[in-house]
Number of protein chains: 2
Amino acid sequence: MSTDSDLAEVDTTAKRPRGRPRKTVDERDDGNRRVALLTAAASLFRRQGFAATTTRDIAAAAGMQSGSPFYHFKSKDALLFAVMESGMHAALARQRSAVQAPGHAGLPAHAQLRQLVQVHFDVLLGPGNDFVPVMLYESRSLPARQRKLLAQLISEYESLWTPVLNALRDSGQLRAPVGLARLLILGALNWSVQWFDPKKGASVQDLTDAATALFLN
Amino acid sequence: MSTDSDLAEVDTTAKRPRGRPRKTVDERDDGNRRVALLTAAASLFRRQGFAATTTRDIAAAAGMQSGSPFYHFKSKDALLFAVMESGMHAALARQRSAVQAPGHAGLPAHAQLRQLVQVHFDVLLGPGNDFVPVMLYESRSLPARQRKLLAQLISEYESLWTPVLNALRDSGQLRAPVGLARLLILGALNWSVQWFDPKKGASVQDLTDAATALFLN
DNA sequence: CCTACCGATCGGTAGG
DNA sequence: CCTACCGATCGGTAGG
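Described below are features of the structure shown in this document. This structure is a prediction, so every number in the text was calculated from the model and none was measured.

## Here we look at the overall build of chain A
And step 1. Counting secondary structure elements, chain A contains eleven helices and zero strands.
And step 2. Counting over 217 residues, chain A shows a buried share of 49%.
And step 3. Summed over its atoms, the accessible surface of chain A is roughly 10,100 Å², and 51% of this surface lies on carbon and sulfur atoms.

In C-alpha cells, the structure reads:
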C-alpha cells in the first residue's frame with residue numbers, strides 16, 4: 001500500500017500534512033479526524049449502503065458527536081464523494097505503479113493481464129479496502145455532477161487495461177471484442193465483492209489464477 | 001415470457017386467480033393492485049435503491065394514497081422480499097423451461113452454456129425486468145431470515161449451471177475450477193446491469209456471443 | 001383502499 | 001469539535 005498522504009485508504013497514522021492541499025470547496029482538511037470519518041463512512045456505506053447509513057452512525061464510529069461530521073464535510077453527499085474519489089485515486093496509483101515497475105513492460109501480455117487482475121482483486125478484497133467497493137455499488141447515490149467527475153477517473157482506470165487486452169486479442173489469446181471483453185472481465189472481478197470471504201477456502205491468488213485461466217486461451 | 005399467474009414479472013394484465021393461493025402471512029393477494037405495487041416497487045428500487053425509495057413513492061407510482069401499500073403488504077421489507085422472490089421464481093421458471101425444451105439435452109455442452117447465458121442476460125436486461133436486478137443489488141437490505149429463504153432459490157438457480165460447467169471442464173473447454181468459474185461467469189453477466197444500455201450498440205445477442213467466446217476455449 | 005395522524009428519525013445549523 | 005435544536009420526512013396505524 002502506498003503512503004501518499006491523504007489518499008491512502010487505511011493509513012490512519014498519517015501525520016498532518018504541512019502544506020495542506022485543500023481539495024475541494026466542499027471539505028476541509030484537518031488531517032487525522034477527517035481520515036477517521038472517511039474510513040468510518042467507507043466501512044458503513046459498504047456494509048449498510050449509503051441511504052441506510054446515518055451521519056450519526058458515522059460520527060459515532062469516528063468517536064464524535066452527531067453534528068461534528070459537518071465541520072469536516074459540507075454534506076453527507078460530499079462525504080460519499082470523498083470516499084469514492086479517494087478510493088479511485090488509490091486504485092489508480094496502485095495500478096500505475098504496478099504497470100510502471102521495472103521490467104513490467106517487457107512481460108508477455110498474459111502476465112500483464114495477470115498483474116492487473118491481481119491488483120484489482122486486492123483493491124477490492126484487501127483488508128480495510130472499503131473505498132472502491134463503495135464506489136462500485138453506490139454510484140447511484142451520487143449527484144449527477146459528481147458522478148461525472150468520477151466517470152473520468154474510472155475511464156482512466158479502464159484505459160490501463162485496453163492495450164493489454166488489445167495485445168491479447170491480436171495474438172489470439174482473447175476471443176471476444178475488446179470493448180465487451182473489458183466490461184465482462186471487470187464485471188467478473190467486481191462481483192467478487194458480493195461473495196468473497198477471506199475466511200473461506202479461496203485466496204486472492206486462487207481467484208487471480210482462476211480468472212486468468214478462465215479468460216485466456 | 002411465461003404467463004403463469006402472479007409470478008410473471010410484467011404480466012400486468014393477469015386476471016384475478018380464482019382459487020387464490022395466499023402466499024405468506026405477510027401479504028394479501030388481491031390480484032391487480034398488488035401486482036401494480038410490485039412492479040412499481042421493483043422499478044423504483046432498481047433506480048433509486050431500497051432505502052432511498054419511499055413507500056409514498058411506490059404508492060404514487062401505483063396510483064394509490066400513502067397508506068394503501070400497507071393494506072397489501074405488511075411492511076416495506078415484505079414488499080422488497082416479494083419483489084425478489086417473484087423475480088427469482090420467474091427466472092428459475094424461464095431457465096428450467098429452456099433446459100427442459102425438447103432436444104436441449106442432446107445439445108453439446110457449449111451450446112447449453114450459451115442458452116443459460118442468453119436467458120440470464122434476458123432476465124437481467126429485458127424490458128421491464130427489474131425484479132432480478134433488485135434481488136442482485138439490494139439483498140443487503142433484507143432481514144437475515146428472508147435472505148436465507150432467497151439463498152435457497154439462488155442455490156437452485158446455480159445448480160442448473162453446475163452440470164454444464166462440469167461437462168465443459170471435463171472436455172477441456174473450461175480452464176478454471178468449476179466453483180470459481182461459476183462465480184466469475186455469473187459476476188460478469190450480473191455486472192451488465194450496471195452498464196448495459198439497449199439504446200447503444202450491443203444487443204443481448206452480442207453480449208451472449210462475447211461472453212461465451214470469452215469463457216470457452 | 002382513503003383520511004388523518006403519530007412517533008421516531010434524519011440531515012443539517014447556530015452559537016459557542 | 002460539542003450542545004441544543006429545527007424542519008422535514010418517513011414507516012406505519014386506526015378507523016372507516
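## Some remarks on the environment of alanine 144 of chain B
And step 1. With respect to the helices, strands and loops of the structure, alanine 144 of chain B is situated in helix α7 (residues 144–159).
And step 2. Sequence spacing of alanine 144 of chain B and isoleucine 154 of chain B is ten residues, and the spatial spacing of their C-alpha atoms is 15 Å.

## Here we look at the interface of chain B and chain A
And step 1. Residue-level contacts link 37 residues of chain B with 37 residues of chain A.
And step 2. Across the chain B to chain A interface the summed buried area is about 2,900 Å²; carbon plus sulfur atoms make up 70%.
And step 3. Broken down residue by residue, the surface that chain B buries against chain A is led by Leu184, Trp191 and Leu214 of chain B, which jointly contribute 26%.
And step 4. Inspection of the region where chain B meets chain A yields two salt bridges.
And step 5. Measuring nitrogen to oxygen at the nearest pair gives 2.8 Å for the salt bridge that ties arginine 140 of chain A to glutamate 138 of chain B.
And step 6. Our count for the chain B to chain A interface comes out at four residue pairs in polar contact (both at pLDDT 80 or more).
And step 7. Among the secondary structure elements, those contributing two or more residues to the side of chain B that touches chain A are α1 (32–48), α6 (131–138), α9 (178–190), α10 (192–195) and α11 (204–215) of chain B.
And step 8. Ranked by residue count, the leading element in the side of chain B that touches chain A is α9 of chain B, at eight residues.

## Some details on α1 of chain B
All names here are of chain B.
And step 1. Here α1 is 17 residues long and its end C-alpha atoms lie 24 Å apart, about the 24 Å a rise of 1.5 Å per residue gives.
And step 2. The inward-facing, buried residues of α1 contact α2 (55–61), α3 (69–72), α4 (76–99) and α6.
And step 3. Just downstream of α1, glycine 49 is the residue with a positive phi angle, here 90°.

## Concerning the nonpolar core
And step 1. Core analysis: the biggest nonpolar cluster contains 138 residues, and Trp161 of chain A together with Trp161 of chain B have the highest contact counts within it.
And step 2. In contact with tryptophan 161 of chain B, other than residues within four places in its own chain, are Gln95, Leu113, Leu116, Val117, His120, Arg182, Ile185, Leu186 and Leu189 of chain B.

## As for the protein's contact with DNA strand D
And step 1. Lining the immediate environment of DNA strand D, one finds 15 residues, of which Arg33, Ser68, Tyr71 and His72 of chain A together with Lys76 of chain B sit closest.
And step 2. Take threonine 55 of chain B: an N or O atom from its main chain is 2.9 Å from a phosphate oxygen of DNA strand D.
And step 3. For the surface near DNA strand D, the elements supplying multiple residues, two or more each, are α3 (69–72) of chain A together with α2 of chain B.
And step 4. Here the surface near DNA strand D is composed, by residue class, of three nonpolar, eight polar and four charged.

## Quick notes on the packing of aromatic side chains
And step 1. Applying the stated criterion across every chain yields a total of seven aromatic pairs over all chains.
And step 2. Ring centres of tyrosine 137 of chain A and tyrosine 137 of chain B lie 6.0 Å apart, and the angle between their planes is 35°; this geometry places the pair in the tilted category. In this pair, tyrosine 137 of chain A is assigned in helix α6 (residues 131–138) and tyrosine 137 of chain B in helix α6, connecting two distinct chains.
And step 3. Between phenylalanine 45 of chain B and phenylalanine 50 of chain B the ring centres are 5.2 Å apart and the planes differ by 65°, which places this aromatic pair in the edge-to-face class.
And step 4. According to the relative accessible area criterion, phenylalanine 45 of chain B is buried, its value standing at 0%.

## Some remarks on the protein's contact with DNA strand C
And step 1. Residues in contact with DNA strand C amount to 15 residues; listed here are only the nearest, Lys76 of chain A together with Arg33, Ser68, Tyr71 and His72 of chain B.
And step 2. The sugar-phosphate backbone supplies 56% of the atoms of DNA strand C found within 4 Å of the protein.
And step 3. With respect to DNA strand C, the side chain of serine 68 of chain B contributes an N or O atom lying 2.3 Å from a phosphate oxygen.
And step 4. Here a phosphate oxygen of DNA strand C sits 2.4 Å away from a polar atom, N or O, in the side chain of histidine 72 of chain B.
And step 5. Mapped onto the surface near DNA strand C, the elements with two or more residues apiece are α2 (55–61) of chain A together with α3 of chain B.
And step 6. Split by residue class, the surface near DNA strand C holds three nonpolar, eight polar and four charged.

## Side note on helix α8 (residues 162–170) of chain B
Residue and element names in this part refer to chain B.
And step 1. Along α8, the residues classified as buried are Val164, Leu165 and Leu168. Along the axis of α8, the buried positions cluster into a sector of 95°, meaning they face one direction only. Turned more than 90 degrees away from the buried face of α8 sit Pro163 and Asp170, all of them exposed.
And step 2. On the buried face of α8, the contacting elements are α5 (109–125) and α9.

## A short note on the side chain of serine 192 of chain A
And step 1. The residue serine 192 of chain A is located in helix α10 (residues 192–195) in this model.
And step 2. Once residues lying within four places of it in the same chain are set aside, the contact partners of serine 192 of chain A are Phe121, Leu124 and Leu125 of chain A.

## Focus: the relation of the copies chain B and chain A
And step 1. Its rotation angle being 180°, the transformation that places chain B on chain A also includes 0.0 Å of axial translation and leaves an RMSD of 0.0 Å. Such a combination of turn and shift is consistent with a two-fold rotation axis. In terms of C-alpha distance to the rotation axis, chain B has alanine 188 of chain B as its closest residue, with the C-alpha 2.0 Å off the axis.

Here is what the cut-offs are and how they apply
The residue count restarts for each chain, going from 1 along the sequence in the order it is written. Whichever chain is written first becomes A and whichever ligand is written first becomes 1, with later ones labelled in order. With pLDDT at 70 or above as the cut-off, local features in this predicted model cover only qualifying residues; side-chain atom pairs require 80 or more to be listed or tallied, and sums for whole chains, interfaces and linings still use all residues. In computing side-chain values, all of the structure's heavy atoms are included and hydrogens and water are not. The helix and strand labels rest on DSSP assignments: H or I over at least four residues marks a helix, E over at least two residues marks a strand, and numbering proceeds from the N terminus. Residue exposure (1.4 Å probe, protein chains only): buried if accessible area is under 20% of the type maximum, exposed if over 50%, otherwise partly exposed. Each accessible area is a Shrake-Rupley result for a 1.4 Å probe, and residues are judged covered by the shown protein chains and nothing else. Pairs of residues are marked as contacts when any of their non-hydrogen atoms sit within 4.5 Å. Accessible-area loss on putting two parts together, using a 1.4 Å probe and summing over both, is the definition of buried area adopted here. Only one rule defines a salt bridge in this text: a Lys or Arg side-chain nitrogen within 4 Å of an Asp or Glu carboxyl oxygen. Whenever two N or O atoms come within 3.5 Å, that pair is a polar contact, provided that in protein one can donate a hydrogen and the other can accept it, and provided that, for residues adjacent in sequence, both atoms are side-chain atoms. What a helix should span is 1.5 Å times the count of its residues minus one. What we call a nonpolar core is a set of buried Ala, Val, Leu, Ile, Met, Phe, Trp, Tyr and Cys residues that are connected through their side-chain atoms within 4.5 Å. Here, proximity means that at least one heavy atom of the residue falls within 4 Å of the molecule or strand. Classification convention: Asp, Glu, Lys, Arg as charged; Ala, Val, Leu, Ile, Met, Phe, Trp, Tyr, Cys, Pro as nonpolar; all other residues, Gly among them, as polar. Two rings belonging to Phe, Tyr or Trp (six-membered ring only in the last case) form a pair when the distance between their centres is within 6.5 Å. Interplanar angles under 30 degrees mark stacking, angles over 60 mark edge-to-face geometry, and anything in between is tilted. The reported arc concerns the directions from the helix axis to the C-beta atoms and nothing else. Superposition of the copies used a least-squares fit over C-alpha atoms from residues whose pLDDT is at least 70 in both.

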